[in-house]
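If you want the building blocks of each chain, they are given just below.
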Amino acid sequence: MTLLLAATGWNADPWLERFRRLLPGRTVVDFRAPYDPAAVRYVACWKPPRDLLAALPNLAVIFNLGAGVDALLADPTLPDRPIVRIVNPDLTSRMRDYVVLHVLYHHRRMHRLADAQRRHDWVDLDQPAPEAVRVGILGFGALGRAAGRALADLGFQVAAWSRSGATEPSTTRSGATEPLSSRSGATEPAAGADIAVFGGAAGLAPFLARTDILVVLLPLTAETRGLIDRAFLRGLAKDGPLGGAVLINAGRGGLQVEADILAALDDGTLLSATLDVFEKEPLDAASPLWDHPRVVVTPHNAADSDPEALAAHVAEHIGRYEAGLGLVDVVDRGRGY
Ligand code: NDP
Ligand code: OXD
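Residues numbered from 1 in each chain as written. Chains lettered and ligands numbered in written order. Predicted model: local features only at pLDDT ≥ 70, side-chain atom pairs only at ≥ 80, totals over all residues. Heavy atoms only, no water.

> How should I be thinking about the packing of aromatic side chains in this particular structure?
The description of two aromatic rings rests on the distance between their centres and on the angle between their planes. One pass over the full model with this rule turns up 6 aromatic pairs. Here Tyr42 and Phe63 contribute two aromatic rings whose centre-to-centre distance is 6.2 Å and whose plane-to-plane angle is 50 degrees, an arrangement assigned as tilted. One end of the pair, Tyr42, is in strand S3 (residues 40-46); the other, Phe63, is in strand S4 (residues 61-64), and 21 residues separate them in sequence. When its relative accessible area of 0% is taken as the criterion, Tyr42 is described as buried. An aromatic cluster is defined as three or more aromatic residues linked by ring pairs; in this entry it consists of Trp10, Trp15, Phe19 and Trp46. In this arrangement the basic side chain of Arg335 is found over the ring face of Tyr337, its NZ or CZ atom lying 4.4 Å from the centre. (Phe/Tyr/Trp six-rings, centres within 6.5 Å; stacked < 30°, edge-to-face > 60°. Helix = DSSP H or I, 4+ residues; strand = E, 2+ residues; numbered from the N terminus. Buried < 20%, exposed > 50% of the residue type's maximum accessible area, 1.4 Å probe, protein only. Lys NZ or Arg CZ within 6 Å of the ring centre and 35° of its normal.)

Okay, here's the thing in structure tokens:
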């Protein structure tokens, strides 16, 4: 049995080293090295080259080494095999921490404080309590639930929006009866009575209208592409204690229209933003987003895929699969996530 590592844009060495340690007696090979395509049973991949997976006749399972599968599903030659995506405590807590960091950054008006510091100005800014600030989580899956829970624990008024509006995590993606041992803590916390969940198209307008800080954790699908445009941003709350609405996008750049975000910042629809993801990555050096005084740009590193944690996660999946326990976190290709 061969596990083929097919990750582009990443250093393959720590992944290969970790997989080889965890899967002794198996062949673990990088896609750039020579290998026998007929021997490949599993692929662990991130943005694999087009056509690569289609050329593996005995492929059983595709393991996507991140949470989002939009890049993988964009390959028209992708073979009809189960795709398992990452739902893991390591990835989840990285995203939770990023979201908490940036919500607090905007809540505590760090742009204005940094500006005041540059001017040596001992500025007096009023400080709304978290209880006065309404955070909205757009996309209430594994990552959105963990982030939402942490923010609610800090006292923010948290609500969420998802396709289904379900308060409990979906179980439809789980093929196994028992959770992976390493999933404990990764499974999404229940919404709880303190997080209202809005659902579907009808729920979007009321959700936006009560949102001061919007956190985007949606997958990129045919339905969500370009969702965050001028009209969408105009739907955000105008009466919040921060003096304007805030956008934090750590989902995918294809969800947003960057020209509309810049226009919304200029006309006061948006007070400030944190963007981790962009329509085109890396963000063009000439993009005005880099220098905008009220925008934080991070280089798609809200939640990095850690080889130590995630190779172990995939190796455990393979062990469970071979023991007949099935697969969990299998992507629904029809929905696109
Ligand atoms: P999940 O699949 O667990 O959750 C997705 C959520 O989005 C669900 O609540 C789902 O609704 C909702 N959703 C999907 N489509 C729609 C729609 N058309 N309308 C409304 N809601 C919708 O994903 P994760 O939480 O694990 O990850 C979310 C995304 O975060 C990833 O797809 C990826 O793009 C991004 N990501 C970014 C990273 C970074 O470093 N910047 C790192 C990791 C992930 P429902 O609950 O009804 O199914
Ligand atoms: C992911 C990502 O989807 O890192 O995991 O973007």
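Don't stop here, the text continues.
> Any chance you could explain the pairing of S3 here in plain terms?
Along any regular strand the residues' side chains alternate between the sheet's two faces. A large share of S3 lies buried, amounting to 6 of its 7 residues. Pairing analysis gives 6 bridges linking strand S1 (residues 2-7) to S3, with the strands arranged parallel. For Leu3, the partnering residue across the bridge sits in S3 and is Tyr42. In terms of strand pairing, S3 meets S4 through 4 bridges, oriented parallel. Residue Val43 lies in a different strand from S4, and its bridge partner there is Ile62. (Pairing = 2+ DSSP bridges.)

> I tried to follow the site of ligand 1 on my own but got confused; where do I start?
Every one of the 28 residues lining ligand 1 counts as a neighbour, but Arg85, Arg163, Ser164, Asp276 and Tyr337 are closest to it. Between ligand 1 and Ser164 there is a distance of 2.6 Å, counted from an oxygen atom to a side-chain nitrogen or oxygen. In the environment of ligand 1, a nitrogen atom lies 2.9 Å from a nitrogen or oxygen atom belonging to the side chain of Asp276. Within the complex, 95% of the 950 Å² of free accessible area of ligand 1 lies under protein. If you list the elements that add at least two residues to the shell around ligand 1, you get helix H5 (142-153) and strand S7 (157-162). In terms of residue class, the shell around ligand 1 is made up of 14 nonpolar, 8 polar and 6 charged. (Near = heavy atom within 4 Å. Polar contact = N/O pair within 3.5 Å; in protein donor to acceptor, adjacent residues only side chain to side chain. Areas by Shrake-Rupley, 256 points an atom, 1.4 Å probe, with all protein chains shown as cover. Nonpolar A, V, L, I, M, F, W, Y, C, P; charged D, E, K, R; others polar.)

> Please clarify how the side chain of His292 should be interpreted in this entry.
On the secondary structure map, His292 appears in the loop between strand S11 (270-275) and strand S12 (295-297). Within polar-contact distance, the side chain of His292 engages the backbone nitrogen of Arg294 at 3.0 Å.

> How do you make sense of unusual backbone geometry when you look at a structure like this?
For residues that are not glycine, phi is negative in most cases, and the peptide bond is trans in most cases. In the segment running from Glu281 into Pro282, the intervening peptide bond is cis, with an omega of -5 degrees. As for its placement among the helices and strands, Pro282 is situated in the loop between S11 and S12. Even without glycine at this site, His120 takes up a positive phi of about 55 degrees. Structurally, His120 is set in the loop between helix H4 (110-118) and strand S6 (134-138). For Asp329, which is not glycine, the phi dihedral falls at a positive 60 degrees.

> When you look at the pairing of strand S9 (residues 213-216) in this model, what are you seeing that I'm missing?
Where burial is concerned, the two faces of S9 agree: the one with Ile213 and Val215 and the one with Leu214 and Val216 are both buried. In this sheet, S9 lies alongside S6 in parallel orientation, the contact comprising 4 bridges. In the strand pairing of S9, Leu138 is matched with Val216. The sheet contact formed by S9 and strand S10 (residues 245-249) spans 4 bridges and is parallel. Residue pairing across strands places Leu214 opposite Leu247, the latter belonging to S10.

> When you look at helix H8 (residues 258-266) in this model, what are you seeing that I'm missing?
Residues that lie three or four places apart on an α-helix share one face, since the helix turns once every 3.6 residues. Along H8, the residues classified as buried are Glu258, Asp260, Ile261, Leu262, Ala264 and Leu265. Residues of H8 that are buried make contact with helix H7 (230-234), S10, S11 and S12. Looking one or two residues past H8, Gly268 carries a phi angle of roughly 90 degrees, positive in sign. (Contact = heavy atoms within 4.5 Å.)

> It is not clear to me how the site of ligand 2 should be interpreted in this structure. Could you clarify?
Ligand 2 sits among Trp46, Gly66, Ala67, Gly68, Arg252, His300 and Ala303. A distance of 2.7 Å separates an oxygen atom of ligand 2 from a polar backbone atom of Ala67. At 2.7 Å from an oxygen atom of ligand 2 is found a side-chain nitrogen or oxygen belonging to Arg252. Relative to its free-state accessible area of 210 Å², ligand 2 is covered by the protein chains to the extent of 87%. Among the residues forming the shell around ligand 2, the class breakdown is 3 nonpolar, 3 polar and 1 charged.

> Which parts of the structure should I look at to understand the environment of Ala146?
Among the secondary structure elements, Ala146 is positioned in helix H5. Through-space distance from the C-alpha of Ala146 to that of Asn249 is 16 Å; in sequence the pair is 103 residues apart.

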